[in-house]
Amino acid sequence: MRALLVVNPRATGASPHTTDVIVQALSHELDLQVELTTHRGHGTVLGNRALDERFDAVIALGGDGVVNEVLNGILRDGTGTQVPALGAIPGGSANVFSRALRIPNDPVEATGLLLRSVREGRFRRIGVGHVRTDETERWFTVNAGLGLDARVIESMEDQRQAGKRATPLRYAAITLREYLRYRGAAEMTLSSDDDEKSQGWRVIVVQNTSPWTYIGSLPVDPCPGASFDTGLDAFAMKAMDPVTTSLAARWMLAPTLGRDRRFAPRTHMWHDQSALHVTCAAPVALQVDGEALGSRTNVKFTAHPEALMVMGWQRPHGD
């Protein structure tokens, strides 16, 4: 199997020593080429190359950002049998995509699982999401969002460019700060694929899998029914007052407790949607797989079932 390993050398889990161990292990069983990303968007360029040169697989070593870049590179021409399989070796802070595939969070253990799946021919097709705006379009594996979460990601990117690490404590501080700034944000209207239209939303989160993200080892999951095997799920909030926000946070951190009837009228969930269309009264921040894409007023999300072959996934216990 011809495979291209795309390494983000700035990722937490991609130290030179760890990367060398991974490269040596993969090279024993794969016809491997290795490329290090040097700038933002480089993973997409390398994904384009893998598509053009007909590699069988592309393996991303890094966080969800480099996975998303590679994804958009290999899906440049859309979905189809010509698209290389995608593998992920976690090296970031959250690693939501690899965790959703039940891949070990240790990069070396993840490499072992990936090689075992190659030997056993254990691949899987998953659905992916697509975002289209008036200015751009983007594929995503994990999530997208309009509003507060995108503002938090924009602020975190500013912090990282200033040389600060993306720690759970820093995320918490930025989230609190942006929440206090955000409560007067523009309203959004959401139309679902069953022609339901609702107005007045302040925050919209779209999930392609569960959970939405992690705070350290703690999953944050507004749409626990989201899955790679279904369409898109969405969670939206109309109110950002402290009571509604705290009850929503409790739901996201412990969805098995159930939603409190006091805040249910001010929130809504959509499950297994083929399309979601959002229009905004004024530009609202947008993020896709943890990358800020600026502010937008017109966004369409679509689900693409079984669009991507992935390697290295692990069956749930009991299957």
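All values reported here derive from a predicted model rather than from experimental measurement.

Draft legend 1. Molecular detail of the environment of Ser246. Within the fold, Ser246 resides in helix α8 (residues 242-253). Taking relative accessible area as the criterion, Ser246 reaches 43% and is therefore assigned partly exposed. Considered as a pair, Ser246 and Phe235 are eleven residues apart in the sequence and their alpha carbons are 15 Å apart.

Draft legend 2. How the structure looks around the packing of aromatic side chains. Evaluation of the coordinates by the stated rule reveals two aromatic pairs. Relative to Trp270, the ring of Trp201 lies with its centre 5.7 Å away and its plane at 80°, an arrangement referred to as edge-to-face. Residue Trp201 is located in strand β9 (residues 197-201), and its partner Trp270 is located in strand β14 (residues 267-273); the two are separated by 69 residues in the primary sequence. Of the two residues, Trp201 and Trp270, both sit in the buried class. Geometry around Tyr214 places Arg99 over its ring, the cationic atom sitting 3.9 Å from the centre. Above the face of the Trp201 ring, Lys238 is positioned so that its terminal group lies 5.0 Å from the ring centre.

Draft legend 3. Structural detail: helix α6 (residues 148-161). Relative to the 20 Å expected for 14 residues at 1.5 Å per residue, α6 spans 20 Å between its end C-alpha atoms, a close match to the ideal helical length. Against β7 (143-146), α7 (168-182), β10 (203-207), β15 (275-288) and β16 (291-311) lie the buried residues of α6. At the exit of α6 stands Gly163, carrying a positive phi of roughly 95°.

Draft legend 4. Molecular detail of the packing of helix α1 (residues 16-29) against helix α5 (residues 107-120). Between α1 and α5, the shortest axis-to-axis distance is 10 Å and the interhelical angle comes to 10°. Considered as vectors, α1 and α5 are oriented roughly parallel to each other. Across the interface between the two elements, Thr18, Val21, Ile22, Ala25, Leu26 and Glu29 of α1 pack against Pro107, Val108, Thr111, Leu114, Leu115 and Arg119 of α5.

What counts and how
Residues numbered from 1 in each chain as written. Predicted model: local features only at pLDDT ≥ 70, side-chain atom pairs only at ≥ 80, totals over all residues. Heavy atoms only, no water. Helix = DSSP H or I, 4+ residues; strand = E, 2+ residues; numbered from the N terminus. Buried < 20%, exposed > 50% of the residue type's maximum accessible area, 1.4 Å probe, protein only. Phe/Tyr/Trp six-rings, centres within 6.5 Å; stacked < 30°, edge-to-face > 60°. Lys NZ or Arg CZ within 6 Å of the ring centre and 35° of its normal. Expected span 1.5 Å × (residues − 1). Contact = heavy atoms within 4.5 Å. Axes fitted to C-alpha atoms, helices over the stretch in contact; angles between N-to-C directions. Parallel < 35°, antiparallel > 145°, perpendicular 65-115°, else oblique.

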